[in-house]
Amino acid sequence: MAAYLNNGNPMEVVDMYRFMRREEVSCSENTFAAVITSCGSIENALLGYLLLGHVIKFGLENTVSVLNSLLSMFANFGSVKEARLIFDSMHKRDTISWNSMISAYARSGLCDESLRCFHWMRHVHMEINPRTLSTLLLACGSVDNLKWGRGIHGLVVKLGLNLDIWVCNTLLAMYSEAGRSKDAKFVFQEMSERDSVSWNSLIASYIQDEKYVDALEIFSNMLQNQNLVDYVTFTSALAACSDPKFVIQGKIVHALVITMGLQANLIVGNALVSMYAKSGSMNEAQQAFRIMPKRDEVTWNALIGGHAENQETDEAVNAYKLMRQEGTPMNYITFANVLGACLTPDDLLIHGWPIHAHIVLMGLESYKYLQNSLITMYAKCGDLNSSNYIFDALANKNSVTWNAMIAANAYHGQGEEVLKLLVKMRCTGVDFDQFSLSEGLAATAKLAILEEGQQLHNLAIKLGFDLDPFITNAAMDMYGKCGELDEVLRIAPRPVDRAQLSWNILISAFARHGYFQKARETFHEMLKHVKPNHVTFVSLLSACSHGGLVDEGLKYYNAMTKEFGVPAGIEHCVCIIDLLGRSGRLAEAETFINEMPVPPNDLVWRSLLASCKIHGNLELARKAADHLLELDPSDDSSYVLYSNVCATSGRWEEVEKVREQMGSNKIKKKPACSWVKLKDGVSSFGMGDQSHSQTEQIYAKLEELKKMIKEAGYVPDTSSTLQDTDEEQKEHNLWNHSERLALAFGLINTPEGSTIRIFKNLRVCSDCHSVYKFISKIFPRRIILRDSYRFHHFSAGECSCSDYW
């Protein structure tokens, strides 16, 4: 039994024990120590309870070595309650007993309990060895428990155990798990002796901290001493190459794997498949998969997960089917990966439902991880009702489950429901995490509700997430979309600490708020620190478009592909068409559409049609409208924009034809709506709206405003009214616009000198824009208007857009 145990054959030990019992050979404490240890290794709980009965039967329930083995066994099972019962029943405990109990808590992630047990140990059992501290350090390997880990680190130094290589390696592992590569590097440099575990742990810490270049540098240093390099080293090095930016380095490491003769190693093979899959090189991932002499469920999961991440639904499902055919055991990760590949209603019908049925057949439907994956899968495939059904049926919901449901609603644009779920989550006592808070901030950004966004941001700070990059970026985006540019700048990280996403949000915020030169300056500052990407150029080109910076925009578009290697996408092309169209260069815009590197979509033609309205180009407008209606005959904006072009050109007969066509096709124009949010709720207004409880005061205020601004020099621009009526009626219609009603309401209901925030679902007309400028000059008020295009900041008779929008 001892020989089998030492050679890693626990099942043979158990079989030997059975033979021993049959032959009625008496069992000693050494027998039980060996067989209980083996039982813990194979994690056979039923056999474990049977052995516990045998221990009592043989009268060894007070033998320390046997009880220590039972403690370790139940710790392996995750049965902390049973381990504690055995521990409490012990009349005598040695250091191994205490270490085993601390380990039982640590294995179950109960850091506080393991620390309490250690505190008790120090008072009643003075002997502490390296194993004690190593076990505690492993329990502290997370951001939340790092403060305790630092305390244990101090105790290690105090007790003079900082020269023990085992303890130091555990310190490295703790800092690595917590993402503290700087601390791990400090421990590493202080070590008087290092082994391969030390070096591998340092690489792992850099990978955990996403410092892949540093990880590969350590790997390079290790190669100079081949005695240090093992399969774990190469597994870590391949993990460092999983980012698409390091695909060349990944191939070099792959070549080294072959040179070192490790290509047949299962764990290294799995790392190769995973590395190629995560970097988007699925052909190489499949090739690495095919040549592996042996595969396990990890291999298949890496391949299926890679296809899912690269949105290759059919390939992911085919791999899943082949895995079934080969009889490889499937686990929850297998199903989570293949569910993640289902993205459309057709995928749900063809693949999603059968996979769900297979999960039920396997008896895995109670796994929390899979329940969360099912919620996400149904939502992504367009069936939010099924997501809600699964969620509502769950009795015990953890933070991941809540987050899955929150994400499902966010995916469907249900911002209000996201916020309601956050309130319910808080009421049930489930703690928010970075994901919950960032999704909540994103919802408030889309709904443009500043007060709720501020509350969530303050809560994030209170919970200690103020430095978390996800929260910072989500808060920056929220403040930007709610009109608070100063707050965006206040919380933005320093340039040297800014991630690519932070730079993009900053450029976008400047563009949206009319600070086009600042957007350009920020872009050029960004180039000193990080590379721009697809999103960067969308924001930059949008800034140039709204700012009338035509030549600059065209230069950036050309540099995007030639200098920065960012391929032109449909969003960039729409920006260029808008850029040329707004400035009146419609012929160039049409030529650009004909030469676009991607096929034109509805956004392209809608942008061209809007520019035709500005410049009254009826012929080109008709072409754009025809293309739009061909793509989507039910699109109301096609009819409305074309009708507006006809009206601007005085073609009232054509306007009437368009309206008749809309009526016969049962297409209704999207009504204009403006709203103001105050503490007691949201007040919304339509064109000529008289449903508000303060209607009399609002229209009286409008008459007062009209008189005041006319005295200040205002002359109505009736070209904004696209009806065939006389001038007096046109002016009357202008004063019924929803944004004017909202402004009058805001002036009545907000304190003098305070900022008024108004939101509109459509583009603000030129005459309303002029009215806002006059009113901001007469009243010492800052007025912020967000229309469907951008923010307008009115102050002292000026607008941040410089009258170009």
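See the structure printed just above.
Since the model is a prediction, treat every value here as computed from it, not as a measurement. (Residues numbered from 1 in each chain as written. Predicted model: local features only at pLDDT ≥ 70, side-chain atom pairs only at ≥ 80, totals over all residues. Heavy atoms only, no water.)

Regarding the packing of aromatic side chains
Summed over all chains, the structure comprises 24 aromatic pairs. Taking the centre distance of 5.5 Å and the plane angle of 65 degrees together, the rings of Phe-523 and Phe-537 count as edge-to-face. Of the two residues, Phe-523 sits in helix H32 (residues 516-526) while Phe-537 sits in helix H33 (residues 534-547), which places them 14 residues apart along the sequence. Each member of the pair Phe-523 and Phe-537 is classed as buried. Residues Phe-537 and Phe-564 carry aromatic rings whose centres are separated by 5.5 Å and whose planes lie at 50 degrees to one another, so their mutual orientation is tilted. Of this pair, Phe-537 sits in helix H33 while Phe-564 sits in the loop between helix H34 (550-562) and helix H35 (570-582), placing them 27 residues apart in sequence. For Phe-564, a relative accessible area of 30% translates into the label partly exposed. Put simply, the rings of Phe-523, Phe-537, Tyr-556 and Phe-564 touch in pairs and so form one group of aromatic residues. Positioned above the aromatic ring of Phe-87, the side-chain terminus of Arg-93 is 4.2 Å from the ring centre. (Phe/Tyr/Trp six-rings, centres within 6.5 Å; stacked < 30°, edge-to-face > 60°. Helix = DSSP H or I, 4+ residues; strand = E, 2+ residues; numbered from the N terminus. Buried < 20%, exposed > 50% of the residue type's maximum accessible area, 1.4 Å probe, protein only. Lys NZ or Arg CZ within 6 Å of the ring centre and 35° of its normal.)

Some points on the side chain of Ser-69
The residue Ser-69 is located in helix H5 (residues 64-77) in this model. On the accessibility criterion, Ser-69 (10% relative accessible area) is buried. When residues no more than four places from it in sequence are discounted, the contact partners of Ser-69 are Ala-33, Ile-36 and Thr-37. (Contact = heavy atoms within 4.5 Å.)

Remarks on the sheet that holds strand S1 (residues 673-678)
Strands in a sheet are paired, the pairing made by backbone hydrogen bonds, and the direction either parallel or antiparallel. The sheet built from 6 strands is open, its strands ordered S2-S1-S3-S4-S5-S6 with mixed pairing. Taken across any chain shown, the strands that pair with only one partner, and hence form the sheet edges, are strand S2 (681-686) and strand S6 (798-799). With 4 bridges connecting them, strand S3 (residues 756-760) and strand S4 (residues 783-786) associate as parallel partners. Across the sheet, the residue bridging to Phe-759 is Arg-786, located in S4. The strands touched by helix H44 (residues 766-778) are S3, S4, strand S5 (791-795) and S6; relative to S5, the strand with the most contacts, the crossing angle is about 35 degrees. (Pairing = 2+ DSSP bridges. Axes fitted to C-alpha atoms, helices over the stretch in contact; angles between N-to-C directions.)

Thoughts on the nonpolar core
Ranked by size, the top nonpolar core spans 219 residues in total, and within it Phe-32, Ile-36, Leu-70, Met-101 and Leu-608 carry the most contacts. Once residues within four sequence positions are removed from consideration, Ile-36 is found in contact with Leu-51, Val-55, Val-66, Ser-69, Leu-70 and Met-73. (Core = buried A, V, L, I, M, F, W, Y, C linked by side-chain atoms within 4.5 Å.)

What to know about helix H25 (residues 399-411)
Over its 13 residues, H25 runs 18 Å from end to end, which matches the ideal 18 Å to within 8%, given 1.5 Å per residue. Two to three positions downstream of the cap, the backbone nitrogen of Val-400 sits 3.2 Å from a side-chain oxygen, assigning the N-cap of H25 to Asn-398. Backbone geometry just after H25 places Gly-413 at a positive phi near 75 degrees. (Expected span 1.5 Å × (residues − 1). Polar contact = N/O pair within 3.5 Å; in protein donor to acceptor, adjacent residues only side chain to side chain.)

A word on helix H23 (residues 368-380)
Each full turn of the α-helix corresponds to 3.6 residues, which orients residues three or four apart in the same direction. Over its 13 residues, H23 runs 19 Å from end to end, which matches the ideal 18 Å to within 8%, given 1.5 Å per residue. Looking only at H23, the buried set comprises Leu-370, Gln-371, Asn-372, Ser-373, Leu-374, Ile-375, Met-377, Tyr-378 and Ala-379. On its buried face, H23 sits against helix H21 (332-340), helix H22 (345-361), helix H24 (384-393) and H25. Looking one or two residues past H23, Gly-382 carries a phi angle of roughly 90 degrees, positive in sign.

Focus on the pairing of S4
In S4, alternate side chains face the same way, and those of Ile-783 and Leu-785 on one face and Ile-784 and Arg-786 on the other are all buried. Since S3 and S4 lie parallel, the crossover through H44 that links them has a hand, and here it is right-handed. Here S4 folds back onto S5 in antiparallel fashion, the turn holding 4 residues. (Right-handed = clockwise from strand over helix to strand, strands pointing away.)

Quick word on the packing of helix H41 (residues 695-711) against helix H43 (residues 738-749)
Remark: H41 packs on H43, axes separated minimally by 9 Å, with the N-to-C direction vectors making an angle of 100 degrees. By the angle class used here, H41 and H43 are roughly perpendicular. Side by side, H41 and H43 meet where Gln-697, Ile-698, Tyr-699, Lys-701, Leu-702 and Leu-705 of the first sit next to Arg-740, Leu-741, Ala-744, Phe-745, Leu-747 and Ile-748 of the second. For the contact of H41 with H43, the residue count by class is 9 nonpolar, 1 polar and 2 charged. (Parallel < 35°, antiparallel > 145°, perpendicular 65-115°, else oblique. Nonpolar A, V, L, I, M, F, W, Y, C, P; charged D, E, K, R; others polar.)

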